[in-house]
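# Descriptive analysis of the structure
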Amino acid sequence: CRQVCPLCYCRVCVVDRSRPQTVPTSAHPVGVLEFHLTRAFHLAGRCVGCGACSDACPAGIDLELLNLSMARATEQGFGVRPGLDPGAPPLWGTFAEDDEEAYIR
């Protein structure tokens, strides 16, 4: 799914980093779940639901549902609708001093 996604363009994916290793690289259910959740958070605010990830999945998993769920949550929680502003900063990598939520600081 990552290789076909037009929005996965990082030179080194966080799941491929070995120091520190954030996601297990073996084909284990826990590692697979961690990979997809990490990827969904990474694409939040950017995924426009093209469906390429679901089409490419050899296991037939409809990954688009997870990504669309994240898109809905970002729109409801932050007012960000994926794909409308190509120059917008990444949702989860943005910080402002005047953020109202105390947990962010």
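Helix length check: helix 1 (residues 29–43) (15 residues) gives 21 Å between terminal C-alpha atoms against 21 Å at 1.5 Å per residue, within 8%. On its buried face, helix 1 sits against helix 2 (52–56) and helix 3 (63–78). G45 sits one or two positions beyond helix 1 and adopts a positive phi of about 90 degrees.

Once that is clear, we can look at the pattern of salt bridges. Enumeration according to the criterion identifies one salt bridge in this entry. Across the pair R81 and E75 runs a salt bridge whose closest N-O atoms are separated by 3.8 Å.

Relative to the assigned elements, S69 resides in helix 3. Between the alpha carbons of S69 and A40 there is a distance of 9.1 Å; along the sequence they are 29 residues apart.

Cut-offs applied
Residues numbered from 1 in each chain as written. Predicted model: local features only at pLDDT ≥ 70, side-chain atom pairs only at ≥ 80, totals over all residues. Heavy atoms only, no water. Helix = DSSP H or I, 4+ residues; strand = E, 2+ residues; numbered from the N terminus. Expected span 1.5 Å × (residues − 1). Contact = heavy atoms within 4.5 Å. Salt bridge = Lys/Arg side-chain N within 4 Å of Asp/Glu carboxyl O.

As far as function goes, none of this settles anything; it's purely spatial.
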